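Now for the letters of each chain:
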Amino acid sequence: MDSKIRLTIYSRLTIILFAVLFHSTAYSQDKPLLPTYDYSKKQTFTIGGIKIEGATSRDRNAIKSIAGLREGKEITIPGDDIPKALKALLDLRLFEDVQISQEKIEDDLIFLKLYLIERPTLSRYSIKGEKKNKHNELTDIIDATLTKGSIVTEDLKDLTITKLKELYIEKGFLNADITIDELKDENKDNAVRLVFNVDKGNRIKIGNIIILGNKIYSDKKLRKQLKDTKQKGTFLKKSKFVKEDYETDKKNLIAYYNKGGYRDAVIVKDSLYRSFNGDIYMELTIEEGNRYFFRNIKWKGNSKYTSEQLTAILGIKKGDVYDPELLEKRLSFSIDGRDVSSYYLDDGYLFFNVDPVEVAVVGDSIDMEMQIFEGAQATIANVGIFGNDRTHEHVIRRELRTKPGNKFSRSDIIRSNRSLTNLGYFNPEATDIQTPVNQQNGTVDVNYTVEERPSDQLELSAGYGGAQSGLIGTLGITFNNFSLANIKDKSTWSPLPQGDGQKLSLRAQSNSRFFRSFNASFTEPWLGGKRPTSFTVGSVLSEFNQETFGLGSLRIFRGFVGLGTQLKWPDDFFSLSGTLTLETINLNNYTRGQFFVDGLTVTNGNFKNFHLTGTISRSSVADPIFPRRGSRISLSIQVTPPYSIFRDDDFFVLSEDDKQDVQDRFIERNGPAAPYEAALEERRQENANKFEFLEYHKWHLKGEWYFNLFDKFVLATNIKFGFLGSYNDALGISPFERFEVGGDGLSNQNVGITGKDIISLRGYETSDLPENRIDGGGALYDKLTMELRYPISLNPNSSIYVHGFVQGGNIWSGFDDYNPFDMNRSAGFGLRVFLPMFGLLGFDYGWGFDKDLSLPGNDNYGQFNIILGFEPE
């Protein structure tokens, strides 16, 4: 308590007691003299009444109760009843002044008067001296101690100032000064407004970190171990001094020495001093000591596994550098699962414990004894799920590997958590898993607490498709937690029924004149509800009509149905899926698509593309939005029936009557033509006959690997390879399903209906690669990508990261021309933003180092790409 307040309270208490003792009735200038009472004799009275003045906002009965005074109670005067009442009311810290006086006495009845002056309350506050964009974090601190309507005391003001200064000190503003002006609020009775005056001063930086006594490691290496204590000029790090971080970093420095075998390393002296410009200078003196090595490692208390098995799991042998950090990982927890604890904890030994003890130190060698307590195996009793206010419990429970009655397994909990994260319905940062143990009966409960987050996605965009296409609008919505079973239950609609983990996707594109595209799909991830077997059905209709410009029309209709399941072998990271697709492609004098066969464009015909796609993949990625580690590898094969095996080689050759029909139609459209033009038209028709039923086999190999290099920096590497082959060399490569490399790879606007796979290549347009321009795409491509990513925000409501990339890719007509070292190279940077409602948004800017600037429209090496809804191929 502030000394001034304490003195005031004690002074008032002394005056009151003195006044009561000597019958003083002068409490204020406007109060009348009260009756006197002879205090030379102790007398007992019954309280006949209590009158309270002031404190109009407080409950009268509560005041009497706290004071311990009530009508009918006997009190002794002089005695301790009145002093206790005064103290109880003052201890509330709600009143500036408390006075108790005798109003009158009638026989043995005494009538008391309580006079209270309330402390002022806070009506509002303001902040001066700090930028408005910094006010939010300040108001969070202020609101935690001084809420509007609360009593304002000096203690609370001092506490608020202390908390605000701590915030600035954490940011390196060691000289921050904060004062509070308390002003009467003229618009409200007994209320004050506070003005926080902030003078944060300049950020105090670390001018230099001087390290003395080090011989084994350089100054540069040791400064790196000071994770949050950096001197000025450190790349991508702010220089600031925070005492707590400094103490932690000194421990990190010693831990680095310990990791290298220097178990006796110690900081014998550290000094801090300020320079003339205010910077802090640090001086650390280190005594490194000798380097130690493991010698004999023995196991004690183990019965489940032999000592030889445990030594093999540990992976530390005689002569290895003594590294306590590595020892702890190999005993307790290693990300790769190579630790002793995992073998026990995954087999139900929840109470397992291992304690490494140094039993001998001989010269530079250390003997270790691993003292094990195995305990009994624990069984899972109950599995609880909490916090799911939208997702139905069975959707979560089916993803869990922890089942009642099973033996406890730590790896099952880890995999269950990963499965919940991959659903995309919950905030991974808020997921909490507790394992309360009942040692008496050897059981454990596993309780999962989740926090729902928005998972539906809305796509609303527009793009310019050129002078002929105009402005193309896109409207799409994906419900990732849809419920078909609840479609009649209006209480589950938000805006559609949800909670069963099904996926419903609807999308439409149009420019109202020449182009329109509609697609819809539905996925049930657990068909039958017993196994993770997904069922998908959908259709796509795309039409591109430019007959007004003499460019013809194209119409594609596609229907598909697919099944997928999780495998148990080689491990349960593998999955297998298959999709049957029925597709029709109608061309009517369509000249924009550039579908080529033997150098001639295919502009007319009705084509059937019936194919089956099989995909086997393995994914160990835990976070699909910003993966830090793990990999995804997939191989897919898309095949059609080999129709040509069942047909004659000359089935596509035109008869004389067919030739005459082709010529007549050609002359009708274009007028009299030269013989060679009619002959070309005949060949085009023969090509259309060739591929009336498309036949091909198509292969895709994709691999992604993620590595958390240091801090939050993640290296993402990516390799892609594709090949389109034919069953019959005489027939050749299909004019459809070819690969085009370049551009942003987005399947929107007119690109989505060209019947080709568009593979993005940052820094290049599709027209920059000759194979795209001359042959309408190639039969083989490869692409390599490396990205260095750094997250700006991992908030589930807005995940943002930036990246720099290098990339290379190319396209060929077949294996005869394939050269994996012939790459179109590029490098650049980009940004990705994931919003739960809108999906993925972002941009890339790439420089195509091998771009041909002599081509029309190529003014420079740079290329800007927009990312909408998904990451391009």
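Residues numbered from 1 in each chain as written. Predicted model: local features only at pLDDT ≥ 70, side-chain atom pairs only at ≥ 80, totals over all residues. Heavy atoms only, no water.

(A) Seen up close, the pattern of salt bridges. Enumeration according to the criterion identifies 40 salt bridges in this entry. Across the pair Arg295 and Asp367 runs a salt bridge, and its minimum N-O distance is 2.7 Å. Within this pair, whereas Arg295 is found in strand S11 (residues 293-300), its partner Asp367 is found in strand S13 (residues 365-373), the two being separated by 72 residues in sequence. Residue classification places Arg295 among the partly exposed residues on the basis of a relative accessible area of 26%. (Salt bridge = Lys/Arg side-chain N within 4 Å of Asp/Glu carboxyl O. Helix = DSSP H or I, 4+ residues; strand = E, 2+ residues; numbered from the N terminus. Buried < 20%, exposed > 50% of the residue type's maximum accessible area, 1.4 Å probe, protein only.)

(B) Structural context of the sheet that holds strand S3 (residues 95-106). Taken together, the four strands give an open sheet; going across it, the order is S2-S1-S4-S3, and neighbouring strands pair in mixed fashion. Each edge of the open sheet carries a strand with a single partner, namely strand S2 (74-77) and S3. Adjacent strand axes in the sheet meet at a mean angle of 45 degrees, parallel and antiparallel pairs treated alike. Against the sheet, helix H3 (residues 81-91) contacts S2, S3 and strand S4 (109-118), and its axis sits at roughly 150 degrees relative to S3. (Pairing = 2+ DSSP bridges. Axes fitted to C-alpha atoms, helices over the stretch in contact; angles between N-to-C directions. Contact = heavy atoms within 4.5 Å.)

(C) Spatial organisation of a positive patch on the surface. Taken together, the side chains of Lys220, Lys221, Lys224 and Lys227 make up a positively charged region of the molecular surface. Within the fold, Lys224 resides in helix H6 (residues 219-224). Overall, Lys224 belongs to the exposed group, its relative accessible area being 52%. (Patch = residues over 30% accessible without salt bridge, like charges linked within 9 Å, V, L, I, M, F, W, Y side chains within 5 Å. Areas by Shrake-Rupley, 256 points an atom, 1.4 Å probe, with all protein chains shown as cover. Lys, Arg positive; Asp, Glu negative; His and termini not counted. Charge placed at Lys NZ, Arg CZ, Asp CG, Glu CD.)

(D) The arrangement of the packing of helix H4 (residues 135-145) against helix H5 (residues 154-170) in detail. Relative orientation of the contacting elements H4 and H5 amounts to 150 degrees, with a least axis distance of 9 Å. Compared by their axis directions, H4 and H5 come out roughly antiparallel. Handedness of the H4/H5 crossing: right-handed. Here Glu137, Leu138, Ile141, Ile142 and Thr145 of H4 come into contact with H5, specifically with Leu156, Leu159, Thr160, Lys163, Leu164, Leu167 and Tyr168. Grouping the amino acids of the contact of H4 with H5 by side-chain chemistry returns eight nonpolar, two polar and two charged. (Parallel < 35°, antiparallel > 145°, perpendicular 65-115°, else oblique. Left-handed = near helix turned anticlockwise from the far one by under 90°. Nonpolar A, V, L, I, M, F, W, Y, C, P; charged D, E, K, R; others polar.)

(E) Broad picture of the nonpolar core. One finds Leu554, Ile585, Leu587, Phe607, Phe736 and Val741 to be the most contacted residues of the largest nonpolar core, which totals 27 residues. The residues touching Phe736, leaving out its near neighbours within four places in the chain, are Ile585, Leu587, Phe595, Phe607, Leu694, Leu724 and Gly755. (Core = buried A, V, L, I, M, F, W, Y, C linked by side-chain atoms within 4.5 Å.)

(F) Quick look at the sheet that holds strand S9 (residues 266-274). Here three strands make up an open sheet; going across it, the order is S8-S10-S9 and the pairing mixed. Each edge of the open sheet carries a strand with a single partner, namely strand S8 (206-212) and S9. Averaged over all pairs of adjacent strands, the angle between strand axes in this sheet comes to 15 degrees, irrespective of strand direction. Across eight bridges, the pairing between S9 and strand S10 (residues 280-287) is antiparallel.

(G) How the structure looks around the packing of aromatic side chains. Applying the stated criterion across every chain, the model contains 35 aromatic pairs. Each ring, one from Tyr344 and one from Phe352, has its centre 4.3 Å from the other, and the planes form 10 degrees; the classification is stacked. Looking at Tyr344, the relative accessible area reads 0%, which means it is buried. Residue classification places Phe352 among the buried positions, given a relative accessible area of 10%. Arranged with centres 4.7 Å apart and planes meeting at 45 degrees, the rings of Phe723 and Phe815 form a pair that is tilted. (Phe/Tyr/Trp six-rings, centres within 6.5 Å; stacked < 30°, edge-to-face > 60°.)

(H) The arrangement of H3 in detail. Every buried residue of H3 is accounted for by Asp81, Ile82, Ala85, Leu86, Leu89 and Leu90. Looking straight down H3, one finds that the buried residues subtend no more than 165 degrees of arc, so they occupy a single side. Every exposed residue of H3 that faces more than 90 degrees away from the buried side is listed here: Lys84 and Lys87. Looking one or two residues past H3, Arg93 carries a phi angle of roughly 60 degrees, positive in sign. (Arc of directions from axis to C-beta.)

(I) Examining the environment of Pro836 more closely. By secondary structure assignment, the location of Pro836 is in the loop between strand S35 (824-835) and strand S36 (839-848). Classification of Pro836 by relative accessible area gives buried; the value is 8%. Ignoring sequence-local partners within four residues, the contact set of Pro836 consists of Pro454, Ser455, Asp456, Gln457, Pro796 and Asn797.

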